[in-house]
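Letter by letter, the chains look like this.
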Amino acid sequence: MASYGFNDQYSSMASDSSERRRVGLIYDERMCLHSDPNDLLPLVKPDKAREPHPECPDRIRAIWNKLHSSGIAQRCVVMEGKEVEDKHIELVHTKKHINLIKNVSSTTNLRREELANKYSSIYFNEGSTEAAYLAAGSVIEVAEKVAEGELDSAFAIVRPPGHHAEENQPMGFCLYNNVAIATRYLLDNRPDLGIKKILIVDWDVHHGNGTQKMFWKDPRVLFFSVHRYDSGTFYPGGDDGSHVMTGDGLGKGYNINVPWEHDRCGDADYLAVWDHLLIPVAKEFGPDIILISAGFDAAIGDPLGGCRVSPYGYAVMLNKLLVFARGKIVMALEGGYNLDSIANSVQACIEVLLQQKPVIGTLEAYPFESTWRVIQAVRKELSSFWKTLAERLPEKVTSMRTPFIQVVSSDSEDEYDNFPNRVSQDLEKDIDNVIQPFSDLKVNDGPGITSQASIISHTWRAELSKIDIWYAAFGSNMKLSRFLCYIAGGQVESMRKPCIGSLDKSKPKEIKWETFPHRLFFAREHTATWGPGGVAFLHPESNSDEKAYLCLYRITLEQFNDVLCQENSSSFDMKYPLFDMTDLQSIENRKSFSAEAVKNGWYHNVLYLGKENGIPILTMTCQLSDVDYFKSGKASMCKPSKEYANTLIRGLVEGKQLTEEEATSYIQQATNRPL
Ligand code: Q9C
Ligand code: ZN
């Protein structure tokens, strides 16, 4: 874990948590001057009237107005647009392409129409050049500020979009590839900012073909795109968006495509991709900054996308990315054509960036069966590049799914008035009945739910509160009254200072005892809680000659995080969990997990001890390297203080595990035997 830079992230988050997060918002009305000249025709020739172009100026106006009327914009750092310089565009585009965009607005209408017709889904007008320069320049502007640390994160409300634009051609409503230009700018022109690895998350419903090509061989940029693919029939079409497209040369493994097989993917599908692909890979990659190609055309109600992501879904997706790169996230608008959907979705995202209120909501359905198929195919394709993807997903996880029912086969969106998935009211209802509602999900009933529960997450606390684990105590926490201080808060006799407790003060649901083949020992000279004398540790490695008594408390994973925090640090602010769902999933195979954010604590090594009633048993102890340190005599073994030993003995006796004599001799043995 150390290589992921978690310690840095957590500690920096903790230290400035009381301050408000600085979120940049960039917008410029001049980007509204780019529009489809055909949209003016109805004024001239009413008989030629047709649907307005979906990539219209009102898109960014709708977002801007919404953010102002809701008062969110007033909480952000608002900036004016800035034009990109040609030398920066040249980082990703040819001179020929730059000349096309630079001159297209000063030529004739007829010439513009001819030029536009040479490309796929492109229009030009008098405002196109300026808008394209502003869109790219504005993304650079905020990316630079976020990289410098002047802003924590930012959203660039820009158009025209960028991710389809390739080195030498505009495409799919995109003129310059805004996100790609900003990415290369940070990497190549600003080495002073220390940005060496960039994660680009492209959640626009269309594949980001342009961005993929620009970083195809570049291992500094991890390009991750989730998009409708529909066997290569969905725009932009062909096999560029296939999951076998993983990059080339040094960049092999740094291009990840998650291609939906069909329409109607929603929150549950996207969050399954987050939990089982993006988040684990992002941990392993350790980006210095994240750029999001934030199209909102996978939103419910979008006329082109046919997907069903809710504003809450986008909020959770974004929230899960905030733990990386010290929260340095730059979002740039790409597609998204339902004005209400994009305004609400952007609003939800900015609220996440501001971190001023918890993300609240629930999910309605499981992922589609096809979603698990896609996730498994992607994991397999990339398993040799990312070790986190090599493990097979448990059947319990992938068995939670929604059957897919083909409703209307309308694949091409040849005209913009064509809703890809228009279904009758009745059919829509039938589908909803097939989708098992979230309320039917037994969320607190064993380990099968572990990964599913993360799909139904709000903030990390709400998410982890649904998961039960056994916390196994071998030290003073064997005594219930002492352990309850970590849950409800407080102080029992002979403790030197009170505990804060968990945010969730509910008592353990069950208590059990078990013995484990691990060595109990006492080390260190003095502790803040117990004063002079050693404290108990469990040897992290098992040893069949040993027998340690552990008291198992069934608590939630949220409470476990609070215990882990209190055992290790008096000051750590739990903005993010120390031990989350992903960690719980991986600990079964790895057996131990180091909570890097509190690595100065003596109990930051989480050990997996097996399962009880299907629920994972976790304890916390020192690192294996600490054991060597104790053995070396540098911080020798040490007898527990009288008070402390007494607390342990009382715990064992009250728990009816040993008689007073047996307990005393058990503790004594643990004290005297060398390691
Ligand atoms: N039959 C973005 O969302 N559709 N671009 C053309 C032709 C083009 C979408 C359909 C969709 C482009 C940024
Ligand atoms: Zn799109």
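Values in this document were obtained by computation on a predicted structure and should not be read as measured data.

A. Up close: the overall build of the protein. Within the protein, the regular secondary structure consists of 23 helices and 18 strands. Evaluated residue by residue, the protein yields a buried proportion of 61% over its 675 residues. Intrachain contacts of the protein at a sequence separation of at least 6 include 76% that bridge at least 24 residues. Summed over its atoms, the accessible surface of the protein is roughly 26,300 Å², and 48% of this surface lies on carbon and sulfur atoms.

B. Focus on a nonpolar patch on the surface. On the surface, a nonpolar cluster with roughly 350 Å² of combined accessible area is contributed by L40, L43 and V44. Secondary-structure assignment places L43 in helix α2 (residues 41–44). The exposed category is assigned to L43, whose relative accessible area is 72%.

C. Looking closely at the coordination of the zinc ion (ligand 2). All of the protein donors around the zinc ion (ligand 2) are D204 (OD), D204 (OD), H206 (ND1) and D297 (OD); their distances to the metal are 2.0 to 2.7 Å. In terms of primary sequence, the donors binding the zinc ion (ligand 2) are separated according to D-x1-H-x90-D. Remark: D297 occurs in the loop between β7 (289–294) and α11 (311–321) and H206 occurs in the loop between β4 (198–202) and α9 (209–214); sequence separation between them is 91 residues. When its relative accessible area of 5% is taken as the criterion, H206 is described as buried. A relative accessible area of 0% means that D297 is categorised as buried.

D. Here's a closer look at the sheet that holds strand β18 (residues 615–621). With mixed pairing, the 6 strands of this open sheet are ordered in space as β10-β15-β9-β18-β17-β16. Because the sheet does not close on itself, it has two edges, and the strands there are β10 (511–516) and β16 (592–594). Sheet twist, expressed as the mean angle between neighbouring strand axes with direction ignored, is 35°. The pairing of strand β17 (residues 605–612) with β18 spans 6 bridges and is antiparallel. Considered in β18, the bridge of E612 is made with I615.

E. Region of interest: the pattern of salt bridges. As enumerated under the stated definition, the model contains 41 salt bridges in all. With a shortest N-O distance of 2.7 Å, R59 and E55 are connected by a salt bridge. Per residue, the accessibility class of R59 equals that of E55, and both read buried. Note that R111 is salt-bridged to E114, the shortest N-O span being 3.0 Å. Taken together, the positions of R111 and E114, both in helix α6 (residues 109–117) and 3 residues apart, correspond to about one turn of that helix. Of the residues examined, R111 reaches a relative accessible area of 38% and is grouped as partly exposed. A cluster of three or more residues bridged by salt bridges with shared partners is formed by D28, R30, E83 and E130.

F. Representation of the side chain of S128 within the structure. Counting through the fold element by element, S128 comes out in helix α7 (residues 128–148). A relative accessible area of 0% places S128 in the buried class.

G. The environment of K611, seen in detail. Tracing the sequence through the fold places K611 in strand β17. Judged by its relative accessible area of 37%, K611 falls in the partly exposed class. Along the backbone, K611 and W470 are 141 residues apart, and their C-alpha atoms lie at a distance of 8.3 Å. Of the polar contacts made by the side chain of K611, one reaches the side chain of E588; its length is 3.1 Å.

H. Region of the structure containing the confidence of the model for the protein. Averaged over all residues, the pLDDT of the protein equals 87, while 88% of them reach at least 70. Scored below 50 in pLDDT, residues 1–18 makes 35 contacts in the model with residues more than four places away or belonging to other chains. Throughout residues 409–458 the model reports pLDDT below 50, and contacts reaching past four residues in sequence, or to other chains, amount to 116 contacts.

I. Looking closely at α11. When you tally the buried positions in α11, you get 10 out of 11 residues, the bulk of the element. What α11 keeps buried is the set Y312, G313, Y314, A315, V316, M317, L318, N319, K320 and L321.

J. Structural detail: the packing of aromatic side chains. Under the criterion given, the structure shown has 29 aromatic pairs. Look at F285 and W386: their rings are 6.2 Å apart centre to centre, the planes differ by 75°, and that puts the pair in the edge-to-face class. Taken together, the residues F285 in helix α10 (residues 267–285) and W386 in the loop between α13 (369–382) and α14 (395–398) connect sequence positions 101 residues apart. Taken individually, F285 and W386 each receive the classification buried, so the pair is uniform in this respect. Note on Y471 and F483: the rings are 5.2 Å apart at their centroids and 20° apart in plane angle, and the pair reads as stacked. Highlighted residues: Y471 in strand β9 (residues 468–473) and F483 in helix α18 (residues 480–488), separated in sequence by 12 residues. This pair shows no difference in class: Y471 is buried, exactly as F483 is. Feature note: the residues F155, W203, F224, W274, F296 and Y314 constitute an aromatic cluster, connected by ring pairs. It is K197 that lies over the ring of F285; its NZ or CZ is 5.6 Å from the centre. Looking at R482, its charged tip hangs above the ring of Y486, at a distance of 4.2 Å from the centre.

Criteria and cut-off values
- Residues numbered from 1 in each chain as written.
- Chains lettered and ligands numbered in written order.
- Predicted model: local features only at pLDDT ≥ 70, side-chain atom pairs only at ≥ 80, totals over all residues.
- Heavy atoms only, no water.
- Helix = DSSP H or I, 4+ residues; strand = E, 2+ residues; numbered from the N terminus.
- Buried < 20%, exposed > 50% of the residue type's maximum accessible area, 1.4 Å probe, protein only.
- Contact = heavy atoms within 4.5 Å.
- Areas by Shrake-Rupley, 256 points an atom, 1.4 Å probe, with all protein chains shown as cover.
- Patch = residues over 30% accessible without salt bridge, like charges linked within 9 Å, V, L, I, M, F, W, Y side chains within 5 Å.
- Salt bridge = Lys/Arg side-chain N within 4 Å of Asp/Glu carboxyl O.
- Donors = N, O, S within 2.8 Å, 3.2 Å for Na, K, Ca; no water.
- Pairing = 2+ DSSP bridges.
- Axes fitted to C-alpha atoms, helices over the stretch in contact; angles between N-to-C directions.
- Polar contact = N/O pair within 3.5 Å; in protein donor to acceptor, adjacent residues only side chain to side chain.
- pLDDT = per-residue confidence, 0-100.
- Phe/Tyr/Trp six-rings, centres within 6.5 Å; stacked < 30°, edge-to-face > 60°.
- Lys NZ or Arg CZ within 6 Å of the ring centre and 35° of its normal.

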